Amino acid sequence: MKVRQAAFSDTGRVRTHNEDSYLLREPLFAVADGMGGHEAGEVASAVSLGVLENAIPDTEAPANWLTETLKMANSAVYDAGTQTGGMLRMGTTLTAAYVTDDSIWVGHVGDSRAYLIREGEIAQLTDDHSLVGEWVRDGRLTVEEAALHPQRSVITRALGIEPDVEVDVSRVTPRTGDRVLLCSDGLTGELTDAEICRILTDEADPETAARKLVVAANEHGGEDNITVVLLEVVDAPDVTVTEDSGQADITPDARSKERGTEHATAPGLVVRNLGPGEAKGHGKPADRERQGVPGGRQFWIRFSVWAALTLVIVLGGWIALTSYISNSWYVGVHDGNVTVFKGVPEGILGFASGDVVDRTSIPVSLLPATTRTQLEEGIPADNRADAERIVENLREQSIPPTTTTTMTTTTVPIQPAPLPPGTVPP
Ligand code: MG
């Protein structure tokens, strides 16, 4: 298959240097958007594309080859970052197209994008590996909401951040006249898919079309580096597509039916078809900047927010705990007597015993053994009045029952015994 190619990369109107890179080395084409402080982003994008440039394509297993090559690029960027002792933490997106005899294979990590433009329609071929991209796929956000979301710049997957990375691979069976666009988010942050489609449909010359995309992005603000690689299929072979490999074709016609289908064909390889809804309408983020990579300003903003949130949670918990303790009461033992305490008994939550409020005159020794045990552990009370009620109950238990003996004397009159008959009383 033959393709015409054109590419432009521009710093934009806000940034002072360009961290994007691109590769035109037929049959390989790629865009990388680097990130990291101290110009590490430029290094990251260049290192990743250097791996692609020097790799030898495998026409027999293009999907696996793309996966493994992007994983190698990930290792190279990761190693470059760690070799500086963490001083230059860096990462990069990478979206690559591998043109074989009958297909265009797209390997992808990050939130740069690949599009297919066919007969006036545009379809996004890649998932945005970003927070809002995931929320859109989950149905939690619309594309329009995502475009304006404050966390729209947080990316969830990039090369060079972790020792290993998951790579998305998809396949297009092109037709003559199709265009495949690879671009960094400096383009999609400024232009909607419809605007991109219109420019690419109206302009016949690929080089002029690519330049017009960059010019339009700058006219909309040029907040970020803008990079486009445009391929135009000039002689697509007449092939019949089969899905025996599990790697379905992506076309504007098929995409709605195939949306969300996913086939794992090798470790780390995902072949995914996308729906048109994900290709529509992007906003114009004014402050778009990479947030997923340590070293960037946005990373530190995120770090600070998380640190502040953690502090608030810890402080809030501490305040709630101390409030609970200061409002707690219990009845226990102090110097052998029943005593009212404010606080919590010793050993509970690691706190010292509460403050003595009222030491009564009730000796614990006068109380039943079970009650003494309860007192040693502390009998909880709802408040001071409740504690005093408990004390009164204990006081009653401590008083031994008293026994009163009452003697009653009854005087019974003594009647003289009757005299025998004939006897004269004295
Ligand atoms: Mg960018």
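Residues numbered from 1 in each chain as written. Predicted model: local features only at pLDDT ≥ 70, side-chain atom pairs only at ≥ 80, totals over all residues. Heavy atoms only, no water.

**A short note on helix H7 (residues 206-219)**
The criterion, for reference: Numbering of helices and strands runs from the N terminus; a helix is a DSSP stretch of H or I covering at least four residues, while a strand is a stretch of E covering at least two. The span expected for a helix works out to 1.5 Å for each residue beyond the first. Relative accessibility under 20% of the residue-type maximum defines a buried residue, over 50% an exposed one, and the middle range a partly exposed one, all with a 1.4 Å probe and only protein chains included. Contacts are residue-level and defined by heavy atoms, with any inter-residue pair within 4.5 Å sufficient.
An ideal rise of 1.5 Å per residue puts 20 Å on 14 residues; H7 measures up with 20 Å between its terminal C-alpha atoms. Here H7 has its buried residues at Pro206, Ala209, Ala210, Leu213, Val214, Ala216, Ala217 and Asn218. Tucked inside the fold, the buried residues of H7 contact strand E1 (3-10), strand E10 (179-183), helix H5 (185-188), helix H6 (193-202) and strand E11 (226-233). Following H7 by one or two positions, Gly221 adopts a phi angle in the positive range, close to 140°.

**Concerning the sheet that holds strand E8 (residues 121-124)**
Defined as follows: Two strands qualify as a pair provided DSSP detects at least 2 bridges between them. Geometry is summarised by axes, namely lines fitted to C-alpha atoms with helices restricted to the contacting stretch, and by angles between N-to-C directions that run from 0 to 180 degrees.
A sheet is described by the order of its strands in space; here five strands give the open sequence E1-E11-E10-E7-E8, paired in antiparallel fashion. Strand pairing shows two members of the sheet lacking a second neighbour, E1 and E8, which therefore form its edges. When the angles between neighbouring strand axes are averaged without regard to direction, this sheet yields 20°. Summarising the sheet, strand E7 (residues 113-118) and E10 pair through five bridges and their orientation is antiparallel. Note on E10: the bridge partner recorded for Leu116 is Val180.

**Notes on the pattern of salt bridges**
Selection rule: Any Lys or Arg side-chain nitrogen found within 4 Å of a carboxyl oxygen on Asp or Glu counts as a salt bridge.
Under the defined criterion, the tally for this structure stands at 18 salt bridges. Here Arg137 ties to Asp127 by a salt bridge, and the two come within 3.8 Å at their closest N and O atoms. Of this pair, Arg137 sits in helix H3 (residues 131-138) while Asp127 sits in the loop between E8 and H3; the two residues are 10 residues apart in sequence, bridging distant segments of the chain. A relative accessible area of 2% places Asp127 in the buried class. Counted as one network, the salt bridges with shared partners bring together Arg4, Arg179, Asp205 and Glu232.

**Section: the nonpolar core**
The following threshold applies: Throughout, nonpolar core names a set of buried Ala, Val, Leu, Ile, Met, Phe, Trp, Tyr and Cys residues whose side chains join them through atoms within 4.5 Å.
Ranked by internal contacts, the top residues of the largest apolar core, which has 22 residues, are Ala30, Leu52, Leu66, Leu70 and Leu94. Mapped by element, the contributors of at least two residues to this core are strand E3 (28-35), helix H1 (40-54), helix H2 (62-82), strand E5 (94-99), strand E6 (104-109) and strand E9 (167-172). Looking at this core, the element that brings in the most residues is H2, giving five residues. Not counting residues up to four positions away in its chain, the partners in contact with Leu66 are Ala96, Tyr98, Trp105, Val106, Gly107 and Val169. The next biggest cluster of nonpolar side chains, apart from the first, holds 21 residues, and it includes Ala6, Ala209, Val228 and Leu230.

**Quick look at the sheet that holds strand E17 (residues 379-381)**
Read from one edge to the other, the open sheet built from four strands follows the order E16-E15-E14-E17, with strand pairing classed as antiparallel. Each of the sheet's edge strands pairs with one partner strand only, and the pair in question is strand E16 (355-363) and E17. When the angles between neighbouring strand axes are averaged without regard to direction, this sheet yields 30°. Looking at chain direction, strand E15 (residues 337-342) and E16 are connected through five bridges and run antiparallel. Residue pairing across strands places Thr339 opposite Arg359, the latter belonging to E16.

**Examining the coordination of the magnesium ion**
For the record, the criterion: Because water is not among the atoms used, a metal site may look incomplete, as its donors are only the N, O and S atoms within 2.8 Å, or 3.2 Å for Na, K and Ca.
At 2.1 to 2.2 Å from the magnesium ion lie its protein donor atoms, namely Asp33 (OD), Asp185 (OD) and Asp224 (OD). Along the chain, the residues donating to the magnesium ion are arranged with the sequence spacing D-x151-D-x38-D. Here Asp185 lies in helix H5 and Asp33 lies in strand E3, a separation of 152 residues in the sequence. For the pair shown, Asp33 and Asp185 are each scored as buried.

**Focus on the packing of aromatic side chains**
Each aromatic ring pair is summarised here by two numbers: the centre-to-centre distance and the angle between the ring planes. This is how it is decided: Two rings belonging to Phe, Tyr or Trp (six-membered ring only in the last case) form a pair when the distance between their centres is within 6.5 Å. Interplanar angles under 30 degrees mark stacking, angles over 60 mark edge-to-face geometry, and anything in between is tilted.
This model, assessed by the stated rule, comprises two aromatic pairs. A ring pair is formed by Trp65 and Tyr98, whose centres lie 5.1 Å apart and whose planes are at 55°; its orientation type is tilted. Taken as a pair, Trp65 in helix H2 and Tyr98 in strand E5 lie far apart in primary sequence, 33 residues in all. Across the pair, exposure class does not vary: Trp65 and Tyr98 are buried alike. With a centroid separation of 4.8 Å and 5° between ring planes, the pair formed by Tyr330 and Phe341 is classed as stacked. Highlighted residues: Tyr330 in strand E14 (residues 329-334) and Phe341 in strand E15, separated in sequence by 11 residues. Judged on exposure class, the residue Tyr330 and its partner Phe341 are both buried.

**A word on the side chain of Thr95**
Take Thr95: it is sitting in strand E5. When sequence neighbours within four positions are dropped, the list of residues in contact with Thr95 reads Phe29, Ala30, Val31, Val106, Gly107, His108, Ser112, Arg113, Ala114, Thr126 and Leu182.

**Looking at the confidence of the model for the protein**
Rules: As a per-residue quantity, pLDDT reports the predictor's confidence and falls between 0 and 100.
Mean pLDDT over the protein works out to 79, with 74% of the residues at or above the 70 mark. When pLDDT is averaged over each helix and strand of the protein, the minimum, 33, is found for strand E12 (residues 262-266) and the maximum, 98, for E10. The low-confidence segment residues 240-298 (pLDDT under 50) makes 163 contacts with residues lying over four places distant or belonging to another chain.

**Side note on a nonpolar patch on the surface**
Test applied: Patches here: salt-bridge-free residues with over 30% relative accessible area, like charges joined within 9 Å, nonpolar side chains (Val, Leu, Ile, Met, Phe, Trp, Tyr) joined within 5 Å. For every accessible area listed, the method is Shrake-Rupley and the probe measures 1.4 Å; residues are considered covered only by the protein chains on display.
On the surface, Leu311, Leu315, Trp318 and Ile319 cluster together into a nonpolar patch covering about 440 Å² of accessible area. For Leu315, the position within the fold is in helix H9 (residues 297-326).

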